[in-house]
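Here's the letter readout for the chains.
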Amino acid sequence: MTSHKTAQTMKPATAAKKLGVYLEATPPEFQEGVVSRDELNALQADPPEWLRELRRTGPHPRPVVAAKLGISIGGLTRGGITDALTTEQIEALKAENPAWLERERATQAEVRQEALRVKEKNR
């Protein structure tokens with residue numbers, strides 16, 4: 001008895017999440033199809049121009065925006081940011097440095113410091 005190995009596929013939303021890009025900004029053919037594990041690996045290994053451009057200029061999904069700002073996704077929500085942002089918008093926000101962003105960065109720093117303290121304690 002032989003088993004036939006079928007290609008593992010994922011929805012475009014899952015693939016976009018794994019690639020760190022905003023699904024709505026991807027080409028229609030990416031949004032409308034399914035992505036195999038091999039195709040995903042190929043996109044990661046040798047990204048086409050559209051993927052390189054999306055990663056460079058955005059719009060970026062919320063987890064990427066939060067990481068670029070150095071805050072949590074919850075912090076984005078508390079700051080009123082609910083949509084994807086471009087790199088230019090993120091840089092403008094960093095330059096403006098509103099009070100909510102300063103607070104969220106401080107909170108994030110405290111969270112990291114506490115996580116480090118707990119890790120050291122458990123050694």
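Quick caveat: nothing in here was measured; it's all calculated off a predicted structure.

Definitions and limits used
Residues numbered from 1 in each chain as written. Predicted model: local features only at pLDDT ≥ 70, side-chain atom pairs only at ≥ 80, totals over all residues. Heavy atoms only, no water. Helix = DSSP H or I, 4+ residues; strand = E, 2+ residues; numbered from the N terminus. Rg over C-alpha atoms; globule rule 2.2 N^0.38 Å. Buried < 20%, exposed > 50% of the residue type's maximum accessible area, 1.4 Å probe, protein only. Contact = heavy atoms within 4.5 Å. Areas by Shrake-Rupley, 256 points an atom, 1.4 Å probe, with all protein chains shown as cover. Lys, Arg positive; Asp, Glu negative; His and termini not counted. Charge placed at Lys NZ, Arg CZ, Asp CG, Glu CD.

## Comments concerning the overall build of the chain
- Along the chain, the regular secondary structure elements total eight helices and two strands.
- Counting from the amino terminus, helix and strand elements in the chain follow one another as β-α-α-β-α-α-α-α-α-α.
- The C-alpha radius of gyration computed for the chain amounts to 19 Å, which surpasses the reference 14 Å derived for 123 residues by more than 25%, pointing to a less compact arrangement than a globule.
- When its C-alpha atoms are laid out on the principal axes, the chain stretches across 60 × 40 × 25 Å.
- Buried positions account for 29% of the 123 residues belonging to the chain.
- Restricting to contacts in the chain with at least 6 residues of sequence separation, those with at least 24 account for 54%.
- Of the accessible surface of the chain, which amounts to about 8400 Å², a share of 53% is contributed by carbon and sulfur atoms.
- The average position of the 19 basic charges and that of the 17 acidic charges among the side chains of the chain differ by 9 Å.

## Let's talk about the side chain of Gln-108
- Secondary-structure assignment places Gln-108 in helix H8 (residues 99-121).
- Not counting residues up to four positions away in its chain, the partners in contact with Gln-108 are Gly-70, Ile-71 and Ser-72.

## A word on the environment of Glu-32
- Within the element layout of this structure, Glu-32 appears in helix H2 (residues 28-32).
- For Glu-32, a relative accessible area of 68% gives the class exposed.
- It is 7.3 Å that separates the C-alpha atoms of Glu-32 and Pro-12, two residues lying 20 residues apart in sequence.

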